[in-house]
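Commentary on secondary and tertiary structure
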Amino acid sequence: METQKTRLDLSDASSLTVAKTVCRLLSEKLSLSVKLIFAGESALTDYYVVGYGRSSTHVRALANDVEDGLAAAGVYARRTEGLDTADWVLVDFGDVILHVFGKEASEFYRFERLFKPEAFLHIDDVCEVQKNENTKRMNES
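Heads up: these notes are all about the structure in this document. Quantities reported herein were computed from a predicted structural model and do not represent experimental measurements.

1. Let's talk about the sheet that holds strand 3 (residues 79-81)
The mixed open sheet is built from 6 strands, whose spatial order is 3-4-5-2-1-6. Taken across any chain shown, the strands that pair with only one partner, and hence form the sheet edges, are strand 3 and strand 6 (120-121). As judged from the 5 bridges shared by strand 1 (residues 34-38) and strand 2 (residues 47-52), these two strands associate in the antiparallel manner. Paired with Lys-35 across the strands is Val-50, a residue of strand 2.

Structure, rendered in structure tokens:
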């Protein structure tokens, strides 16, 4: 018996649901860390998601995989910047903006310092299962 895979449809999803999906996708692709930031009264966006790569190749892969994953679910990037050097990639999904930093760019720009501690949302419920699976896989290698 053949089972059909249900396609995720985020085309009418809330910005928080999209942001949590971005967090999950980053976690699945072994982002070194994932942070979800509520932008508050910002006119730019509702949420920032920040991921971290080990190298420019990893940074580029994280950004591309999230963009592809959301496009498959009906959410399309309005603009992508930084893929050429991939030390800091920004992907603008409108109500959610993804930043993926390499180590040097992260240390230089320190993007997170722009926000108060209460702006950072807990995402353990989104990423915990995937984090445990990734840890298991890395330990088996």
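2. Here's the deal with the packing of aromatic side chains
Evaluated as defined, the whole model comprises 9 aromatic pairs. On the basis of an interplanar angle of 50 degrees and a centroid distance of 5.4 Å, the ring pair of Tyr-48 and Phe-115 is categorised as tilted. A residue pair is termed long-range when its members are at least 10 positions apart, and Tyr-48 in strand 2 and Phe-115 in the loop between helix 3 (103-109) and strand 6 qualify at 67 residues. With respect to class, Tyr-48 is no different from Phe-115; both count as buried. Here the aromatic rings of Phe-108 and Tyr-109 are separated by 4.9 Å at their centres, their planes lie at 90 degrees, and the arrangement is edge-to-face. Judged by relative accessible area, which is 66%, Phe-108 ranks as exposed.

3. Examining the nonpolar core
Among the nonpolar cores identified, the biggest contains 26 residues, and Leu-26, Val-49, Leu-70 and Leu-98 are the most heavily contacted of them. Those elements giving two or more residues to this core turn out to be helix 1 (15-28), strand 1, strand 2, helix 2 (56-72), strand 4 (88-92) and strand 5 (96-101). Setting aside chain neighbours within four positions, we find Leu-70 in contact with Leu-10, Val-18, Thr-21, Val-22, Leu-25, Val-75 and Phe-93. With 11 residues, the next largest nonpolar core counts Ile-37, Val-50, Ala-105 and Phe-115 among its residues.

4. Quick word on the pairing of strand 4
Burial along strand 4 is one-sided: Val-89 and Val-91 are buried, and none of Trp-88, Leu-90 and Asp-92, which face the opposite way, are. Two elements, strand 3 and strand 4, share 3 bridges in a ladder whose sense is antiparallel. Within the sheet, the bridge partner assigned to Thr-80 lies in strand 4 and is Val-91. Between the end of strand 3 and the start of strand 4, which pair antiparallel, lie 6 residues, with Gly-82 showing a positive phi angle near 95 degrees. Here 5 bridges tie strand 4 to strand 5, and the two strands are oriented antiparallel to one another. Looking at strand 5, one finds that Trp-88 is bridged to Phe-101. Where strand 4 folds back onto strand 5 in an antiparallel hairpin, the turn is made up of 3 residues, including Gly-94, whose phi is positive at roughly 90 degrees.

What counts as what
- Residues numbered from 1 in each chain as written.
- Predicted model: local features only at pLDDT ≥ 70, side-chain atom pairs only at ≥ 80, totals over all residues.
- Heavy atoms only, no water.
- Pairing = 2+ DSSP bridges.
- Helix = DSSP H or I, 4+ residues; strand = E, 2+ residues; numbered from the N terminus.
- Phe/Tyr/Trp six-rings, centres within 6.5 Å; stacked < 30°, edge-to-face > 60°.
- Buried < 20%, exposed > 50% of the residue type's maximum accessible area, 1.4 Å probe, protein only.
- Core = buried A, V, L, I, M, F, W, Y, C linked by side-chain atoms within 4.5 Å.
- Contact = heavy atoms within 4.5 Å.

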